[in-house]
Each structure stands twice: as C-alpha cells, then as structure tokens.
Amino acid sequence: MRVHLCAVGRLRAGPERDLIDDYTTRFDRTGRALALGPFTEHEIEDRKGGGMEAEATLLERALPSGALLITLDERGKLLSSPEFADHLAKWRDDGRQDVAFVIGGADGIAPALRARADFSISFGKMVWPHMLVRVMLTEQLYRAASILSGAPYHRA
Ligand SMILES: C[S@@+](CC[C@H](N)C(=O)[O-])C[C@H]1O[C@@H](n2cnc3c(N)ncnc32)[C@H](O)[C@@H]1O
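What this report covers is the structure whose coordinates are included nearby. (Residues numbered from 1 in each chain as written. Predicted model: local features only at pLDDT ≥ 70, side-chain atom pairs only at ≥ 80, totals over all residues. Heavy atoms only, no water.)

**A closer look at the overall build of the protein**
Helix and strand content of the protein: five helices and five strands. Ordering the α and β elements of the protein from the N terminus gives β-α-β-α-β-α-β-α-β-α. Taking 156 residues into account, the globule formula puts the C-alpha radius of gyration at 15 Å, and the protein, at 15 Å, falls close to it. On the principal axes, the C-alpha backbone points of the protein span a range of 45 × 35 × 30 Å. Out of the 156 residues in the protein, the part that is buried amounts to 45%. (Helix = DSSP H or I, 4+ residues; strand = E, 2+ residues; numbered from the N terminus. Rg over C-alpha atoms; globule rule 2.2 N^0.38 Å. Buried < 20%, exposed > 50% of the residue type's maximum accessible area, 1.4 Å probe, protein only.)

**Quick notes on the sheet that holds strand 1 (residues 2–8)**
Pairing within the open sheet is parallel, and its five strands lie in the order 2-1-4-3-5. Whereas interior strands pair on both sides, the edge strands pair on one side only; in this sheet they are strand 2 (39–44) and strand 5 (119–122). Strand after strand, the sheet turns through a mean of 30° between neighbouring axes, direction not considered. Sheet analysis places strand 1 next to strand 2, joined by six bridges and oriented parallel. Following the sheet pairing, H4 is matched in strand 2 by T40. This element, helix 5 (residues 130–149), spans strand 1, strand 2, strand 3 (68–78) and strand 4 (98–103) of the sheet and lies at about 170° to strand 1. (Pairing = 2+ DSSP bridges. Axes fitted to C-alpha atoms, helices over the stretch in contact; angles between N-to-C directions. Contact = heavy atoms within 4.5 Å.)

Taken by themselves, the reported measurements are silent on function.
The structure is reproduced here in structure tokens:
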C-alpha cells in the first residue's frame, strides 16, 4: 500500500525536513517487507491567498485517485501507536492501493474536504504547527511499521 502525504506549504531545508527525511527513509526500509510504502510527499501552495477553500481544491488535485483519505485534525480520533499500526495493516489487508494523509495550513482543512474523509486522526486537542504535525505523522508511520515488523523501536 503506497502512503502519501498531501500537505499545505513547502518545507525548506532545516530540522523538520531532516527529521521527516530520516523517518520516511526508515519507514520505507521497514515497510518494504510489510507491503507498506513507498512514502511520497505532495506539497501544495496557494500563492493567491485563497484560504482553506483554495487549498482544498489543490489538495484534492494532489490526492491519488481512489486513495483512502485520512485527515489530520485536532477533532479527529485519538489512537495509541499500536492502534494506528492496526489501522494501517487493516487498510493494507483490505486491498487499498493508496492511503493519503492530509494536513491543512494555518486555517485548517476546509469543512467539505474534512467531511469526505474516510478517517480522521487527532494528535491531541491542542493545535500543533502543521510542519510539526508532518514530523509527528512520519515518526508514527515509522513506529507503526516497526510495531508490525516486531522490531524493538516501540516500547509501550
Ligand atoms: C495550524 S493547524 C490549523 C488549525 C485550525 N484551527 C483547524 O481548525 O484545523 C494546521 C494543520 O495541522 C494539523 N493539526 C494541528 N493540530 C493537530 C492535532 N492536534 N491533531 C491532528 N492534526 C493537527 C491539521 O491538519 C491542521 O489543519
């Protein structure tokens, strides 16, 4: 199952980029034997300042057709890391070819796009900067792959 991240904003070189590259490299390596990955990032940018509606249009365009749509949203579902790993495994075992995680911009994800999500994940009730949410998601993807492979990275 290919894993996509569709996110608002371009992440330049720096600590967040380094962390994401590290976690996604690890995820791809660990996920290969589990039929998880590769990971692909799709960054969108609305240069006209059209807000979350314009961003939603660009995000929709970036979504691979037929992908399972998962939004990252503070109003979403709280999961433990093993539960997240179980969800990934279930989506893969259901025969999904692509799963796309969507992270919004400063104003969040437009309600219409949120409404059509297959699932929504919360990293807690607090609002995090979107670039940090990218880092957290990629770490959790690597952690999930480690859990599913039986590697000792995750200690509950
Ligand atoms: C700065 S936040 C936008 C917050 C905005 N008030 C909203 O209503 O979504 C940018 C993006 O980061 C992600 N995000 C921020 N906090 C999050 C959390 N606690 N759980 C999951 N995703 C979060 C969401 O995708 C959000 O669209």
